[in-house]
Amino acid sequence: MLNKLKEVTGGDKKQMQLHIDSYIDGMTGRVNSLKNALEQENYQGIGNIVMKAKPHFMTMGFDDLYRLANHVERSVNKIYSKDMVKEHTRDLINDLEASIEKVKKVKL
């Protein structure tokens, strides 16, 4: 994770910390939004939230989250089945919450 962030920021610790703080704040809000959209079966909302979050996953070096987000987005856009979308979204929420906790532990 830190390697990608260092690459993006040129190793500037102040910029790295800004990205870390922004990730924690932004993704915490997105987790709550995803949970609400999932509860309301708002599949378009899920797709929009995920689409907006993907660049942050790349900036932070969370390649697995980026791939899962792509999978959720494709599932939503094609509406394979509501159960599949729900399952993939729950997986994304769980992994996203884990990534937030991981980022909170970063010491620069």
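Being a predicted model, the structure only gives us computed values, none of them experimental.

## Side note on the overall build of the protein chain
Consideration 1: Helix and strand content of the protein chain: five helices and zero strands.
Consideration 2: Listing the helices and strands of the protein chain from first to last along the sequence gives α-α-α-α-α.
Consideration 3: Since a compact globule built from 108 residues should have a radius of gyration of about 13 Å, the 14 Å found for the protein chain is in line with a globular shape.
Consideration 4: Overall, the protein chain is about 45 × 20 × 15 Å in size when its C-alpha atoms are taken along their principal axes.
Consideration 5: In the protein chain, which comprises 108 residues, the proportion classed as buried is 38%.
Consideration 6: Contacts in the protein chain between residues far apart in sequence, at least 24 positions, make up 65% of those at least 6 positions apart.

## With respect to the pattern of salt bridges
Consideration 1: A full pass over the atoms with the stated rule returns six salt bridges.
Consideration 2: Residue K86 pairs with E41 through a salt bridge whose shortest N-O separation is 2.7 Å. Residue K86 is found in helix α5 (residues 82-104), and its partner E41 is found in the loop between α2 (13-39) and α3 (43-60); the two are separated by 45 residues along the sequence.
Consideration 3: Take K86: its relative accessible area is 17%, and that puts it in the buried class.
Consideration 4: Look at E41 and you get partly exposed, because its relative accessible area is 36%.
Consideration 5: For K104, the salt bridge is made with E101, and the minimal N-O distance between the two is 3.5 Å. Of this pair, K104 and E101 both sit in helix α5, three residues apart, which is roughly one turn of the helix.
Consideration 6: Judged by relative accessible area, K104 falls into the partly exposed class, the value being 44%.

## A word on the packing of α2 against α3
Consideration 1: Their axes nearest at 10 Å, the elements α2 and α3 cross at an angle of 160°. As the angle between them shows, α2 and α3 are arranged roughly antiparallel. In the crossing of α2 with α3, the sense of the turn from one axis to the other is left-handed. Touching H19, I20, Y23, M27, R30, S33, L34, A37 and L38 of α2 are G45, I46, I49, V50, K52, A53, H56, F57, T59 and M60, all from α3.
Consideration 2: Its residues assigned to classes, the contact of α2 with α3 comprises 12 nonpolar, five polar and two charged.

## Describing the nonpolar core
Consideration 1: Counting 30 residues, the largest nonpolar core has Y23, L34, I46, F57, L92 and L96 as its most contacted members.
Consideration 2: Contributing elements (two or more residues each) for this core: α2, α3, α4 (63-78) and α5.
Consideration 3: With nine residues, the top contributor of residues to this core is α2.
Consideration 4: Here Y23 is in contact with T28, H56, F57, M60, F62, L65, L96, S99, I100 and V103, once residues within four sequence places are set aside.

## Looking at the packing of aromatic side chains
Two numbers describe a pair of aromatic rings. These are the distance of the centres and the angle of the planes.
Consideration 1: Applying the stated criterion across every chain, the model contains one aromatic pair.
Consideration 2: Judged by centre distance (5.6 Å) and plane angle (40°), the ring pair of Y23 and F62 falls under tilted. Placement of Y23 in helix α2 and of F62 in the loop between α3 and α4 is noted, with a sequence separation of 39 residues between them. Like F62, Y23 is buried.

Cut-offs used in this document
- Residues numbered from 1 in each chain as written.
- Predicted model: local features only at pLDDT ≥ 70, side-chain atom pairs only at ≥ 80, totals over all residues.
- Heavy atoms only, no water.
- Helix = DSSP H or I, 4+ residues; strand = E, 2+ residues; numbered from the N terminus.
- Rg over C-alpha atoms; globule rule 2.2 N^0.38 Å.
- Buried < 20%, exposed > 50% of the residue type's maximum accessible area, 1.4 Å probe, protein only.
- Contact = heavy atoms within 4.5 Å.
- Salt bridge = Lys/Arg side-chain N within 4 Å of Asp/Glu carboxyl O.
- Axes fitted to C-alpha atoms, helices over the stretch in contact; angles between N-to-C directions.
- Parallel < 35°, antiparallel > 145°, perpendicular 65-115°, else oblique.
- Left-handed = near helix turned anticlockwise from the far one by under 90°.
- Nonpolar A, V, L, I, M, F, W, Y, C, P; charged D, E, K, R; others polar.
- Core = buried A, V, L, I, M, F, W, Y, C linked by side-chain atoms within 4.5 Å.
- Phe/Tyr/Trp six-rings, centres within 6.5 Å; stacked < 30°, edge-to-face > 60°.

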